[in-house]
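An overview of the molecular structure
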Amino acid sequence: MNNKSPGKINGDFKGKDIISLDQFTPKDIKILFSKVPQMRTIALKAKPSEIIAGKIVVLLFYEPSSRTFGSFSTAVKQLGGQTVEILNPQQFSSVVKGETFEDTIRTFEAYCDAIVLRHPEVGSAEKAAKIAKFVPVINAGDGIGEHPTQALSDLYTIEEKFKTLNNLHVVFFGELAHYRSVNSLAKLLAMFKGIKMSFVSPPQVGLNPNIREYLQKKKVKIRELHDLDEVIGDADVLSVSRVKKEFMSEALYRKIQGKYVVGKKILSKMKPNSIIMHPLPRVGEILPEVDDDPRAVYLTTQIRNGTYVRMALIAFVLGGIR
Ligand code: NCD
């Protein structure tokens, strides 16, 4: 909403746009996470709740999505609300006829109580939040910028496993330069004490310089390297990422794709009490042979927590819980 975008959460989510992790403090995260078990219970019940009964959420997705779209859609329905789902508006809405982004946002806000937006341009969610006068906008991924709800749910998965967010060593592995989930999760982790982060990538696609600067300012211990072997034995979390083909040249893609792969050999070097995460989709960077290892959470709790955390967030933003 244009008068308070993107305001600090400051313990009160109601009516706020959710654009960036910069809006959050550890206290806000604690408040959000405190409701997640309740959301899980609701989701596992046969009937949805009525927490946001009568509310309509528009899911406006300019980019493809499986989990973010699926979990937002599920989350709204589990809370008793309804969705209007506009997938690929470039093809299926008046955007085809030349409608501006401004007019599209103004139109859809007239139908709903909140807009969830995924868009290929950095800053698009913030822009939409400024345009929407009456309803909050939730960022479901803005280009190579941020993906706050993915990071929040990934952080929840980490906390659930280790019962703390302090003193952990998180290793990010893969193509990092264009990976918004890495940007967002790194920003979140930076809020917690004693966190170590290692960024392991092919040399052409290292950490986004804005995030490097952000972490350096916060005096977070970071290492940037190209060889996973140097850090894997000490990792609590291995967070793997896909080569974001859609955000790079074909030549660069061909240089990187297939150059890093997590298989049983890497797994054997990891601590027994560690986890392997991936926001998905994966396209070969984690082999199926890893899937059944108890440390692999990317096809199980990581996906499920995505729904529960988004449920808690929507319930707060729409005033269904306090
Ligand atoms: C990611 C995304 O779209 O940012 N997936 C997700 O939302 N769970 C990762 C990706 O596209 O590779």
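Residues numbered from 1 in each chain as written. Predicted model: local features only at pLDDT ≥ 70, side-chain atom pairs only at ≥ 80, totals over all residues. Heavy atoms only, no water.

**Observations concerning the site of the ligand**
- Thr68, Arg118, His147, Gln150, Tyr179, Arg180, Ser181, Arg242, Lys244, Pro279, Leu280 and Pro281 make up every residue found near the ligand.
- The contact in question runs from a nitrogen atom of the ligand to an N or O atom on the side chain of Gln150, over 3.1 Å.
- Tyr179 has a polar side-chain atom sitting 3.5 Å from an oxygen atom of the ligand.
- Notes on the ligand: free accessible area 310 Å², of which the protein chains cover 95%.
- Split into classes, the residues belonging to the shell around the ligand amount to 4 nonpolar, 4 polar and 4 charged. (Near = heavy atom within 4 Å. Polar contact = N/O pair within 3.5 Å; in protein donor to acceptor, adjacent residues only side chain to side chain. Areas by Shrake-Rupley, 256 points an atom, 1.4 Å probe, with all protein chains shown as cover. Nonpolar A, V, L, I, M, F, W, Y, C, P; charged D, E, K, R; others polar.)

**Focus on the nonpolar core**
- Of all hydrophobic cores here, the largest spans 67 residues; its most connected members are Phe172, Met197 and Leu215.
- With 9 residues, helix α12 (residues 301–317) is the largest single contributor of residues to this core. (Core = buried A, V, L, I, M, F, W, Y, C linked by side-chain atoms within 4.5 Å. Buried < 20%, exposed > 50% of the residue type's maximum accessible area, 1.4 Å probe, protein only. Helix = DSSP H or I, 4+ residues; strand = E, 2+ residues; numbered from the N terminus.)

**Brief notes about the sheet that holds strand β8 (residues 237–241)**
- The 5 strands lie next to each other as β7-β6-β5-β8-β9, forming an open sheet whose pairing is parallel. The open sheet has two free edges, formed respectively by β7 (221–225) and β9 (275–277), since each of these has just one partner strand. The average angle at which neighbouring strand axes cross in this sheet is 15°, direction not considered.
- Note: strand β5 (residues 169–174) against β8, 5 bridges, orientation parallel. (Pairing = 2+ DSSP bridges. Axes fitted to C-alpha atoms, helices over the stretch in contact; angles between N-to-C directions.)

**Quick notes on the pairing of β7**
- Looking at chain direction, strand β6 (residues 196–200) and β7 are connected through 5 bridges and run parallel. Across the sheet, the residue bridging to Ser198 is Arg223, located in β7.
- As a crossover connection, the stretch from β6 through helix α9 (residues 209–217) into β7 is right-handed. (Right-handed = clockwise from strand over helix to strand, strands pointing away.)

**Side note on the packing of helix α3 (residues 67–78) against α12**
- Across the interface, α3 lies against α12 with an axial gap of 8 Å and an inter-helix angle of 50°. It follows from the interaxial angle that α3 and α12 lie oblique. The hand of the α3/α12 crossing is right-handed. Mapping the contact onto sequence places Arg67, Thr68, Ser71, Phe72, Thr74, Ala75, Val76 and Gln78 in α3 and Ile303, Gly306, Thr307, Arg310, Met311 and Ile314 in α12.
- In terms of residue class, the contact of α3 with α12 is made up of 6 nonpolar, 6 polar and 2 charged. (Parallel < 35°, antiparallel > 145°, perpendicular 65-115°, else oblique. Left-handed = near helix turned anticlockwise from the far one by under 90°. Contact = heavy atoms within 4.5 Å.)

**A short note on unusual backbone geometry**
- In the segment running from Leu280 into Pro281, the intervening peptide bond is cis, with an omega of 5°.
- Mapping Pro281 onto the fold places it in the loop between β9 and α12.
- Phi at Lys163 takes a positive value of approximately 60°, unusual for a residue other than glycine.
- Within the secondary structure, Lys163 sits in the loop between α7 (148–162) and β5.
- The phi angle at Lys219 is positive, at roughly 60°, despite the residue not being glycine.

**Details of the sheet that holds strand β2 (residues 82–87)**
- The strand order across the open sheet built from 4 strands is β2-β1-β3-β4, with neighbouring strands paired in parallel fashion. With one partner strand each, in any of the chains shown, β2 and β4 (137–142) form the two edges of the open sheet. Taking the axes of each pair of neighbouring strands and ignoring which way they run, one obtains an average angle of 15° across the sheet.
- With 6 bridges joining them, strand β1 (residues 56–61) and β2 adopt parallel strand pairing. Bridged to Leu59 within β2 is Glu85.
- Lying over the sheet, helix α6 (residues 124–131) contacts β3 (114–119) and β4, oriented at roughly 160° with respect to β4.

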